[in-house]
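The lines below spell out each chain.
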Amino acid sequence: MATNSLFQAGNLMFRTRFAPSPTGYMHIGNLRTALYAYLLAKKHQGVFILRIEDTDQSRNVPAALAAIYNGLALAGISYDEGPDKDGGKGPYVQSQRLPIYKKHAEELIAKGSAYYCFCQKDDKPDTEDQPAHPDLTRDPCRLLTEAEVQARFAQGLTPVVRQRIPESGSTSFVDHVYGKITIDNAQLDDQVLLKSDGFPTYNFANVVDDHLMEITHVIRGQEYLSSTPKYNLLYQAFGWQIPEYIHLPLILREDGAKLSKRAGDPSFEDLVKLGYLPEAIVNYVALLGWSPGNDREFFTMQDLIAAFDMDRIGKSSAAFSIDKLTWLNGEHIRAMDPAAFHRAASPFYPPEVQALDAEKISRLIQIRVEKLTDIPNMVRFLSALPDYSAELFENQKSKATLASSAEVLKRVIPLLGALENWDNESLFAALKEFASAQGYKTGTLMWPIRTALSGLPASPGGATELADLLGKQETLRRLRIGLAKLEN
RNA sequence: GCCCCCAUGGUCUAGAGGUUAGGACACAGCCCUUUCAAGGCUAUAACUCGGGUUCGAGUCCCGAUGGGGGCACCA
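Report on the accompanying structure. (Residues numbered from 1 in each chain as written. Chains lettered and ligands numbered in written order. Predicted model: local features only at pLDDT ≥ 70, side-chain atom pairs only at ≥ 80, totals over all residues. Heavy atoms only, no water.)

### Here's the deal with the overall build of chain A
Across its full length, chain A holds 19 helices and 11 strands. At 32 Å, chain A has a C-alpha radius of gyration far larger than the 23 Å of a compact globule built from 488 residues. With the C-alpha coordinates aligned to their principal axes, the bounding extent of chain A is approximately 105 × 50 × 35 Å. By sequence separation, contacts in chain A at least 24 residues apart represent 74% of the contacts at least 6 residues apart. (Helix = DSSP H or I, 4+ residues; strand = E, 2+ residues; numbered from the N terminus. Rg over C-alpha atoms; globule rule 2.2 N^0.38 Å. Contact = heavy atoms within 4.5 Å.)

Okay, here's the thing in structure tokens:
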């Protein structure tokens, strides 16, 4: 790779990565991280890499790898290098890189930047659930002599490898979104690099892999902001070039709580099942923490690649609003070409409705659908007339009363029964003409027809559109039912 | 407890010293209309607080408050 010459030319070859751990689903925060990493790479004609961080054996969910592939594919995010797409920097699965981490850990020990620690897990209090954390103290093993280390090995103890953090001083770095961050080394703990099972921790593997895979821009959540100095100390110990950092603000719930699957917040896949279009979710998520700098909100993936700019990522956390997603989803649905919408909508039509002209139905409902899952309820009345009460025929806005409705239905049934051309235009023309000839307001005439045909206070289409859809016979049947209700 | 980060309407945000503080979602009303949507228009609604700096501060500095994150052989 001519990476170095590109660096010299000031024409950085961007290489970004998405490094999920296989948990079984993609949550919204992960989706955004993947998206931004992808956008940044593509924006600069760079390379986007997928790396699997499966270093926690206890958490590894076997089928979860498929979930990652599916999630990315669904989102329209394709990677240039990954487990099943070799780019010469693999393997791209951390559990297959164990010898690499071991070798690098040993190099650090030799350099004095890491040490073996023989403390057993229960030598230290379990601090995981404790809200307050005591001041950290340096691990006693960091003072072990070579002879003491050998003695412990001889006893058969299996150590972990810890990073040796400098006693004093501070470490700074510049983050693309947060600016300059400085942390006192005294705040940094001698974190575990290699676990006793031989697996690396995230803290170690991410540094080694990002370097070896020549990642130029590290994009991750801001929860890593305060541990980044530890990583930089590692880069320095190895003598490696430190990558650019882009830490992303958190995504919260609207009530300010953290977004979590456990609390019932939907994952990316869940949202798709709820009837949201992947492209709408991607569009929405892109806007959570990033703004194009103008009023534009509707973006396709291609639009996003063109518009994305890491310097326009915000610092404050954003709340996930399902309402706004729903609106944006509607925008995407309306923007689809009718054939594409019909394809997306078809699976949501009940079989009985499929018997009707489903394409025509799709044309009618496209503008009214916010989520694909709205469809079944929206079209159910077409196959089965709901039981409704005669009061539905009363509508102030249309100036329709029970009496006017009964009169209209009585007169319109023979009129329509005699109509030859049964399509929306003919129906509308005939009814409109009848209305003006007989002195009815259009609404007064149409309301009872629409109501009788749908049995609903609102329907995805007006009187003649529904009549067209239902066909002459069913239309007349429903009109007679309506009239019967009114005459009782 | 220690450290780090953040702060514009209910929500997402624009704003890089001088603006009637702009847009979007949601909400309400009106128009359009073959019901509902969609679309158009209108309304309500924000710079957390306190000190500075400056002729002038949402914008810069300090402090407070509030919120979030980190301090695992998790990532």
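Now that the structure has been shown, the text picks up again.
### Section: the side chain of Ser454
By secondary structure assignment, the location of Ser454 is in helix 18 (residues 442-454). With relative accessibility at 0%, the residue Ser454 sits in the buried group. Engagement of the side chain of Ser454 in a polar contact is seen with the backbone oxygen of Arg450, the distance being 2.9 Å. For Ser454, the residues in contact, after removing those within four places along its chain, are Phe381, Leu385, Pro386, Ser459 and Leu466. (Buried < 20%, exposed > 50% of the residue type's maximum accessible area, 1.4 Å probe, protein only. Polar contact = N/O pair within 3.5 Å; in protein donor to acceptor, adjacent residues only side chain to side chain.)

### What about helix 18?
Every α-helical turn comprises 3.6 residues, leaving residues that sit three or four positions apart pointing alike. Relative to the 18 Å expected for 13 residues at 1.5 Å per residue, helix 18 spans 18 Å between its end C-alpha atoms, a close match to the ideal helical length. Among the 13 residues that make up helix 18, 11 are buried, leaving the element largely enclosed by the rest of the structure. The set of residues buried in helix 18 consists of Thr444, Leu445, Met446, Trp447, Pro448, Ile449, Arg450, Thr451, Ala452, Leu453 and Ser454. Close packing links the buried residues of helix 18 with helix 15 (375-383), helix 16 (402-417), helix 17 (424-438) and helix 19 (463-487). Positive phi appears at Gly455, one or two residues downstream of helix 18, with a value of about 70 degrees. (Expected span 1.5 Å × (residues − 1).)

### Some points on the nonpolar core
For soluble globular proteins, the rule of thumb is that nonpolar side chains tend to be buried together. By size, the foremost hydrophobic cluster in this structure holds 81 residues, and its most contacted members are Leu35, Tyr36, Leu39, Leu72, Ile77, Phe204 and Ile313. Sort the elements by how many residues they give to this core and helix 2 (residues 28-43) lands first, with 10 residues. Residue contacts for Phe204: discarding those within four places in its chain leaves Tyr101, His104, Ala105, Leu108, Leu193, Leu194, Leu234 and Phe238. Counting 51 residues, the second largest nonpolar core, distinct from the first, contains Ile333, Ile365, Leu382 and Leu469. (Core = buried A, V, L, I, M, F, W, Y, C linked by side-chain atoms within 4.5 Å.)

### Here's the deal with the protein's contact with RNA strand B
Taken together, 72 residues surround RNA strand B, and among them Glu297, Arg368, Phe428, Ala463 and Thr464 come closest. The side chain of Glu53 places a nitrogen or oxygen atom 3.3 Å from a sugar or linking oxygen of RNA strand B. Within the contact set of RNA strand B, a sugar or linking oxygen lies 2.4 Å away from a side-chain nitrogen or oxygen of Glu297. Secondary structure elements with two or more residues in the surface near RNA strand B: strand 4 (160-163), strand 6 (179-184), helix 6 (202-212), strand 11 (318-320), helix 11 (322-335), helix 17, helix 18 and helix 19. With 5 residues, helix 11 is the single largest residue contributor to the surface near RNA strand B. (Near = heavy atom within 4 Å.)

### Brief notes about the pattern of salt bridges
One pass over the full model with this rule turns up 24 salt bridges. The closest approach of N and O atoms between Glu167 and Arg142, which form a salt bridge, is 3.0 Å. With a gap of 25 residues between them, Glu167 in the loop between strand 4 and strand 5 (170-175) and Arg142 in the loop between strand 3 (114-117) and helix 5 (146-154) connect regions that are remote in the sequence. The class for Glu167 is exposed, based on a relative accessible area of 56%. Across the salt bridge formed by Lys230 and Asp189, the nearest N and O atoms sit 2.9 Å from each other. On the criterion of sequence distance, the pair formed by Lys230 in helix 7 (residues 228-238) and Asp189 in the loop between strand 6 and strand 7 (192-194) is long-range, its members being 41 residues apart. On the accessibility criterion, Lys230 (12% relative accessible area) is buried. (Salt bridge = Lys/Arg side-chain N within 4 Å of Asp/Glu carboxyl O.)

### Considerations on unusual backbone geometry
Despite not being glycine, Gln45 has its phi angle at roughly 55 degrees, a positive value. Following the sequence through the fold, Gln45 ends up in the loop between helix 2 and strand 2 (47-50). On the basis of relative accessibility, which here comes to 65%, the residue Gln45 falls in the exposed class.

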